Amino acid sequence: MTYDAVIIGGGPAGGTVAILLARAGWRVALVEKTPFPRRKVCGEFVSATSLALLDALGVGAAFRSLAGPEVREVGLFAGQSTLAAPMPRGQGVTAEGGRAVGRHHLDLLLLEAAREAGAVIHQPWSAVAVERRERESIVTLAAKDAREELHARIVIAAHGSWEPAAFLMDERPAHRGADLLAFKARFFGSRLTPGLMPLLAFPGGYGGMVHTDGGATSLSCCIRRDTLQRARAESPGLSAAEAVLAHIVEHTAGVREALAGASLDGHWLAAGPIRPGIRPRFAGGVFRVGNLAGEAHPIIAEGISMAMQSSWLLANALTREAFDPGRVEAAARRYSGDWRRSFATRIRAAALFAAVAARRHAPAAIVPVARRLPGLITLGADLSGKTRQIVR
Ligand SMILES: Cc1cc2nc3c(=O)[nH]c(=O)nc-3n(C[C@H](O)[C@H](O)[C@H](O)COP(=O)(O)OP(=O)(O)OC[C@H]3O[C@@H](n4cnc5c(N)ncnc54)[C@H](O)[C@@H]3O)c2cc1C
């Protein structure tokens, strides 16, 4: 049998596009290599601009019942300073605040909704090759000693960008000191103010904290490879994650205070180097969504929203072009244009914020200005897409 669409990857991008296409009557298969539920390196915050989409996908109520408190304030923890300012609200954006939920919940919710909508889920299977033929593509899957082929009229790559051997991506550059490695942990018993999501600025990196599901607080960050190497050399005996936390705690009083007496929920996760940037949305006959299409520095905590929203844009383009094989290029042009208009600005803004936050003298440079003009923190959240309602 030939599927109308085979989707590679069951993160927020893959799950979303699977639900939307299956509901539109397409024969859909989704391939996910890891068994769910699984935890993932991610700050877990989902912007208010994605709540309407979660509702449209049929998982809004479940999301709200699991998620942490609504986030009403953005903050800045840098050096000895802890600042807070209101989260901006855009026109047409719900009055509800965004919230955080673990990826072991969110990705599973979306995948189960895709299954209910009629998508066939192949899990845990890895897609290892895509071969394009005249009328269809063949996606080869591998699991342990088994191999299988799926035939598809359209292939959608939603497998993210951090895997060491992410296939369908350009070649991975050699290791550099400036590479950003990503870490994440959840804590119980933090003293972080509920409803506040602070940006953490520390030498050689940046991060964020937010209350999430189950009374936990997530702390996620990106740190330069050379900064991490120095931090580990200064504290022999510490694991990489312990050295990262020690570095952040040393340089941000806000994190020190928030985590005093807190305990780790599970263990630290690491990924990367991350690969922020704008990439082709259609290449080699394969559509790309989520991180694979383009990725903002996680300093703006918009990657989940962009992943789901890019899938919504693609599903719209594909279903509008009425699935005529001769119209695939037209769908690609429509999707690519919609994507750029929706996300390019925030990807550039995030790159600027990341460069500033990771500078050694960032606290001295930005805190006095932000203290005098707290509206600048709100403006930063605005530029990062927190008021950009793509799905109404
Ligand atoms: C430190 C950090 C903090 C972050 N914090 C936030 C935040 O608070 N809020 C936010 O919105 N974003 C955040 N992000 C970004 C967010 O995590 C990503 O943008 C988001 O996960 C992208 O979703 P995706 O579906 O494109 O890819 P992914 O979530 O990476 O999903 C890809 C899926 O594909 C599967 N896969 C990979 N290869 C294959 C294969 N060959 N075959 C089959 N399956 C495969 C993987 O197992 C995975 O399940 C953060 C990122 C980092 C690094």
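Structural data are supplied above this passage.
What counts, and where the lines are drawn
- Residues numbered from 1 in each chain as written.
- Predicted model: local features only at pLDDT ≥ 70, side-chain atom pairs only at ≥ 80, totals over all residues.
- Heavy atoms only, no water.
- Axes fitted to C-alpha atoms, helices over the stretch in contact; angles between N-to-C directions.
- Helix = DSSP H or I, 4+ residues; strand = E, 2+ residues; numbered from the N terminus.
- Parallel < 35°, antiparallel > 145°, perpendicular 65-115°, else oblique.
- Contact = heavy atoms within 4.5 Å.
- Nonpolar A, V, L, I, M, F, W, Y, C, P; charged D, E, K, R; others polar.
- Near = heavy atom within 4 Å.
- Polar contact = N/O pair within 3.5 Å; in protein donor to acceptor, adjacent residues only side chain to side chain.
- Areas by Shrake-Rupley, 256 points an atom, 1.4 Å probe, with all protein chains shown as cover.
- Buried < 20%, exposed > 50% of the residue type's maximum accessible area, 1.4 Å probe, protein only.
- Arc of directions from axis to C-beta.
- Left-handed = near helix turned anticlockwise from the far one by under 90°.
- Salt bridge = Lys/Arg side-chain N within 4 Å of Asp/Glu carboxyl O.
- Phe/Tyr/Trp six-rings, centres within 6.5 Å; stacked < 30°, edge-to-face > 60°.

What to know about the packing of helix 9 (residues 328-357) against helix 11 (residues 375-386)
Thinking step 1. For the pair helix 9 and helix 11, interaxial distance at closest approach is 8 Å and the crossing angle is 140°. Taken together, helix 9 and helix 11 sit at an angle that is classed as oblique. Judged by residue contacts, R346, A349 and F353 of helix 9 engage G380, L383, S384 and G385 from helix 11.
Thinking step 2. Here the contact of helix 9 with helix 11 is built from residues that sort into 3 nonpolar, 3 polar and 1 charged.

Here's the deal with the environment of L383
Thinking step 1. Structurally, L383 can be placed in helix 11.
Thinking step 2. Between the alpha carbons of L383 and S190 there is a distance of 29 Å; along the sequence they are 193 residues apart.
Thinking step 3. Setting aside residues no more than four positions away along its own chain, L383 makes contact with R346, A349 and F353.

Things to note about the site of the ligand
Thinking step 1. Taken together, the neighbourhood of the ligand is formed by 39 residues, with E32, G43, R103, N291 and I304 sitting nearest.
Thinking step 2. In this structure, A13 approaches the ligand through a main-chain N or O atom, which is 3.0 Å from an oxygen atom.
Thinking step 3. In the environment of the ligand, an oxygen atom lies 3.0 Å from a nitrogen or oxygen atom belonging to the backbone of G303.
Thinking step 4. Against a free-state accessible area of 1000 Å², the protein chains account for coverage of 96% of the ligand.

Looking at the side chain of T217
Thinking step 1. Along the chain, T217 falls in strand 14 (residues 216-224).
Thinking step 2. Only 3.4 Å separates the side chain of T217 from the side chain of H211, close enough to count as a polar contact.
Thinking step 3. Excluding residues that lie within four positions of it along the chain, T217 makes contacts with A185, R186, F187, S190, L192, M209, V210, H211 and T212.

Points about helix 10 (residues 362-372)
Thinking step 1. Turning to helix 10, its buried residues are A362, V367 and A370. In a view along the axis of helix 10, the buried residues occupy a sector of 85°, so they form one face of it. Across from the buried face of helix 10, at angles greater than 90 degrees, the exposed residues are A364 and R372.
Thinking step 2. Buried residues belonging to helix 10 abut strand 4 (73-78), strand 5 (81-86), helix 9 and helix 11.

Re the packing of helix 8 (residues 303-320) against helix 9
A pair of packed helices is characterised by two quantities: the angle between their axes and the separation of those axes.
Thinking step 1. The contact between helix 8 and helix 9 brings their axes to 8 Å, and the two run at 160°. On the basis of the axis angle, helix 8 is roughly antiparallel to helix 9. Relative to helix 9, helix 8 is oriented so that their crossing is right-handed. Every residue of helix 9 that contacts helix 8 at M306, Q309, S310, L313, L314, A317, L318 and R320 is listed here: A331, R334, Y335, D338, W339, S342, F343, R346 and I347.
Thinking step 2. Within the contact of helix 8 with helix 9, the residues separate by chemical class into 10 nonpolar, 3 polar and 4 charged.

Comments concerning the pattern of salt bridges
Thinking step 1. Within the structure shown, the criterion is met by 22 salt bridges.
Thinking step 2. E44 is paired through a salt bridge with R186; the nearest N and O atoms lie 3.0 Å apart. Of this pair, E44 sits in the loop between strand 2 (28-31) and strand 3 (45-46) while R186 is found in strand 11 (residues 180-188), placing the two residues 142 residues apart along the sequence.
Thinking step 3. Residue R186 is classed as buried on the basis of its relative accessible area of 4%.
Thinking step 4. A salt bridge links R341 to D338, with the nearest nitrogen and oxygen atoms 2.9 Å apart.

Some points on helix 5 (residues 225-234)
Thinking step 1. If you check which residues of helix 5 are buried, you get R225, D226, T227, L228 and A231.
Thinking step 2. Among the structural elements, strand 11, strand 14 and helix 6 (240-251) are those in contact with the buried residues of helix 5.

A few points about the packing of aromatic side chains
Aromatic ring pairs are described here by two measures, namely the spacing of the ring centres and the angle between the planes.
Thinking step 1. With the rule as written, the count across this model stands at 3 aromatic pairs.
Thinking step 2. Note on F187 and W268: the rings are 6.1 Å apart at their centroids and 80° apart in plane angle, and the pair reads as edge-to-face. Of this pair, F187 sits in strand 11 while W268 sits in strand 15 (residues 263-271), and the two are 81 residues apart along the sequence.
Thinking step 3. By relative accessible area, F187 is classed as buried at 6%.
Thinking step 4. Note on F282 and F287: the rings are 4.5 Å apart at their centroids and 45° apart in plane angle, and the pair reads as tilted.

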